[in-house]
Amino acid sequence: MPTISNEIMMPGTYQTYKNARPQLLSNGWIVAAVYAPSVSVLRFRVKKTPTSEWEPLAFMTTSNVLSWSLAIKGTRVFATLHTSSSSATSFLNFDALTVNSTVSLSAVSIDNSSNSGQFNGEDLQINDTGTELHHAFSAKTPTYANTFNIRYLKGTIAGDGSVTWTTAEFVTSHNQSGRIGCIQPVIVMYNNEPRIICVFDNSGFSQNDIQFAYRVGNNWNGMSPKYLIFNNSRPQLAPDAKFIPKSINGLSNGRIWATWHGKDATDTAKFNIFTVFSDDGGDTWSVPLKQTNGNLYDQTNASLTADKTGKVMLLWDKVENPAGTNVTVTGIKSYVGSSWGAASSINGDDYFNPAVLFDRSFSLFMTLPPLIRYNGSNAYFSGTYFTGSSTSPVSDALGNKETPTITSYTVTPEENSTITQIVEKLNGTTLNTFNNPASLSRTLVIPQANWDALAFWFVNTIEVIVTDSNGTTITTTYTFNKKLKTTAGLIETTKATADAKKRISQKRETIATQVGLPAGSTFDAIIAATLSGTIMKVSRGSFNSLNSGILQSVTNLAFRPKIVIIFCAPPATPVANTGTFLYFITEDSQLIGNSAIQNLSLGISKGDNGYTSSNNADRSINQVGTPGQYDGRILETGFEFVPFFNSGVTPANYIALA
């Protein structure tokens, strides 16, 4: 794909909004939305191929738009927006393949509980499975009229693309006179769940924190959040955040990156760009890293994105003075491996407010991520990005193979590129390398010596690694089992018998672990456990320390637990009526006879008077209508909870059962 530099995306005085990011549809189209206050039109435009011009897709006639945001599923486009003349949170929903580009879209209101025109930022995201939309926005309401608070809406997507929305919830509930409150929210989808980063005004608009909120049980902890930067005496504004999963960066829990612009004790007069990251889902954050420096020019409006290789890119409005006149350009930095590179600038003076594409499928290689920005005359598109080649058939399990001929495959290069190398590997060992191959349709045959060395009945992995002239590398993976032919001779049959015994032994160990029996258990013991009905999956672990009121989580279990028991040792310094704590977390809502409660967590303490469920321990029950109070819940591969005890830091052990 060629480099695209300042291509006109929409002519006229159209503006971008940072959280209205361009979206990559499943068919390869790029869709973006810009707004022109002068003509009161929000326009959706589409770029269908790398070499095609931007085309009209859809539009909505509406005045006084403050903010808008986009999400996509396949070729379906979802959008939310707020205006300064309405109390509504408005929603648009259309299919890019069938929408009429000549008729104005009609929005539906999904919430009307805000004060008219009193909004300050929004974001819209879709979950990983494409079944839910998550919308966060900042608004004043009749209930909390003095300050802005973060509101949240969840939409359930039906098979036909229609969306049913919940009632808006309060993530925060501030109401102090003379303060701004919580503004400029962004949503991070972490393990298929929404987490919200926003600005919190802690003492007049000149002093802000950046805070992080998430659900604990049925409630948001927005009034007891985590902080990216806390108790700060200077303004911090316009956050952005992205989650890069383990499948891309290899980190056990993935990584959440966040950025914003702010001032500090060194550069008090002008804004600079800061970044942080969290490797535990937002429980703890790195020390803020100052990405720019200087007291002469503001650096603002930072955004983050990442590509298929895990490279993280930071972009922002960067003010320069190359010839005695201030101009705004788009600055860019990349994080590769374990460090940030040097800053550079994207071509174009006085282009503002970059809205940057973030592809959650991580299908693109990026030198310059696709982005839109404006200069007062037009909206522009730039980007250098590649999809790489494709291989057919796609990665798959090929089943049993009796001969060294494994599969035929065909490589198709990306438009305007050529294939420079194909490498075939078996279980990590290179079999063949073809440089500048004349043929892109090949049959993979394992050399006889390598084939003879393979064990029967075990899973083997074939990799076809293709590099193209753009420098992108795509790996297609196939698996297969070597099977004994019915016409096999004595030597092969003997080897297959020995290999089968090894495979059966491995399977027996795996099954024993799955039913809660120790390694080395016999098949008779496994069968007896199965017939007894007492099979149970078990996982044990520990926490080095627990802090009262601080979220703790375990997310690496091999199963979804039914019940979790946490044993907390007494604090190092004895405290009256504070001894051993037991926490129980279960999914069984019937235990407390309230079907509205999805997860039950109960704390019991052993103090001076033996085991009791004291007032403090009672607070650990997942109570409806008690936001942020000491909750616990079951996760797909683990659990999380917020402990409570009177004082001290204590170690703990847990046992999870299913």
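The model shown is predicted, which means the values in this text are computed figures rather than measured ones. (Residues numbered from 1 in each chain as written. Predicted model: local features only at pLDDT ≥ 70, side-chain atom pairs only at ≥ 80, totals over all residues. Heavy atoms only, no water.)

### Things to note about the confidence of the model for the chain
Part 1 of the argument: Of the residues in the chain, 88% have a pLDDT of 70 or more, and the chain-wide mean is 86.
Part 2 of the argument: Note that residues 574-579 has pLDDT below 50 and, in this model, 19 contacts with residues that lie over four places away or in other chains.
Part 3 of the argument: Low pLDDT, under 50, characterises residues 588-630; the predicted model gives this stretch 98 contacts beyond four residues in sequence or across chains. (pLDDT = per-residue confidence, 0-100. Contact = heavy atoms within 4.5 Å.)

### Description of the packing of aromatic side chains
Part 1 of the argument: Evaluation of the coordinates by the stated rule reveals 27 aromatic pairs.
Part 2 of the argument: For the pair Y17 and W68, a centre-to-centre distance of 5.5 Å together with 35 degrees between the ring planes defines the contact as tilted. With Y17 in the loop between strand 1 (4-11) and strand 2 (23-24) and W68 in strand 6 (residues 65-73), the pair connects residues that are 51 residues apart, well separated along the chain.
Part 3 of the argument: Taking the relative accessible area as the measure of exposure, W68 reaches 4% and is therefore buried.
Part 4 of the argument: Their ring planes at 85 degrees and their centres at 6.4 Å tell us that F543 and F639 sit as a pair that is edge-to-face. Here F543 is found in strand 41 (residues 538-547), whereas its partner F639 is found in strand 48 (residues 638-641), with 96 residues between them in sequence.
Part 5 of the argument: Pairwise contacts between aromatic rings join W257, F277, Y335 and W340 into one cluster. (Phe/Tyr/Trp six-rings, centres within 6.5 Å; stacked < 30°, edge-to-face > 60°. Helix = DSSP H or I, 4+ residues; strand = E, 2+ residues; numbered from the N terminus. Buried < 20%, exposed > 50% of the residue type's maximum accessible area, 1.4 Å probe, protein only.)

### Some thoughts on the environment of Y35
Part 1 of the argument: In this fold, Y35 is placed in strand 3 (residues 30-36).
Part 2 of the argument: Considering only alpha carbons, one finds Y35 and Y17, 18 residues apart in sequence, at a separation of 8.4 Å.
Part 3 of the argument: Ignoring anything within four residues of it in the chain, the contact list for Y35 reads T13, Y14, Q15, S40, V41, L42, T62, S63, N64, V65 and W68.
Part 4 of the argument: A polar contact is formed between the side chain of Y35 and the backbone oxygen of T62, at a distance of 3.1 Å.
Part 5 of the argument: In this structure the side chain of Y35 is engaged in a polar contact, spanning 3.1 Å, whose partner is the backbone nitrogen of N64. (Polar contact = N/O pair within 3.5 Å; in protein donor to acceptor, adjacent residues only side chain to side chain.)

### Details of empty space enclosed by the protein
Part 1 of the argument: The full count for this structure, using the stated rule, is two cavities of 30 Å³ or more.
Part 2 of the argument: Here the largest cavity is characterised by a volume of approximately 60 Å³.
Part 3 of the argument: Contributing to the lining of the largest cavity are Q125, I187, V188, M189, A241, K242, F243, F358 and R360.
Part 4 of the argument: Mapped by element, the contributors of at least two residues to the lining of the largest cavity are strand 15 (182-190) and strand 21 (236-244).
Part 5 of the argument: Tallied by class, the residues present in the lining of the largest cavity amount to six nonpolar, one polar and two charged. (1 Å grid on protein atoms, 1.4 Å probe; cavity = no way out; pocket = protein on both sides within 12 Å on 5 of 7 lines; lining within 4 Å. Points joined across faces, edges and corners; volume = space filled by probe spheres on them. Nonpolar A, V, L, I, M, F, W, Y, C, P; charged D, E, K, R; others polar.)

### A short note on the pattern of salt bridges
Part 1 of the argument: Using the criterion set out here, one finds 15 salt bridges in the structure.
Part 2 of the argument: Measuring nitrogen to oxygen at the nearest pair gives 3.1 Å for the salt bridge that ties R21 to D123. Here the residue R21 occupies a position in the loop between strand 1 and strand 2, and D123 occupies one in strand 10 (residues 119-126), the gap between them amounting to 102 residues. D123 shares its class with R21; the two are buried.
Part 3 of the argument: Here K495 makes a salt bridge to D499, at a shortest N to O gap of 2.9 Å. Taken together, the residues K495 and D499, both in helix 3 (residues 490-514) and four residues apart, mark about one turn of the helix.
Part 4 of the argument: When its relative accessible area of 7% is taken as the criterion, D499 is described as buried. (Salt bridge = Lys/Arg side-chain N within 4 Å of Asp/Glu carboxyl O.)

### Regarding unusual backbone geometry
Part 1 of the argument: S392 connects to P393 through a cis peptide bond whose omega is 5 degrees.
Part 2 of the argument: Mapped onto the fold, P393 is located in the loop between strand 33 (390-392) and strand 34 (396-401).
Part 3 of the argument: Residue N416 is not a glycine yet carries a positive backbone phi of 65 degrees.

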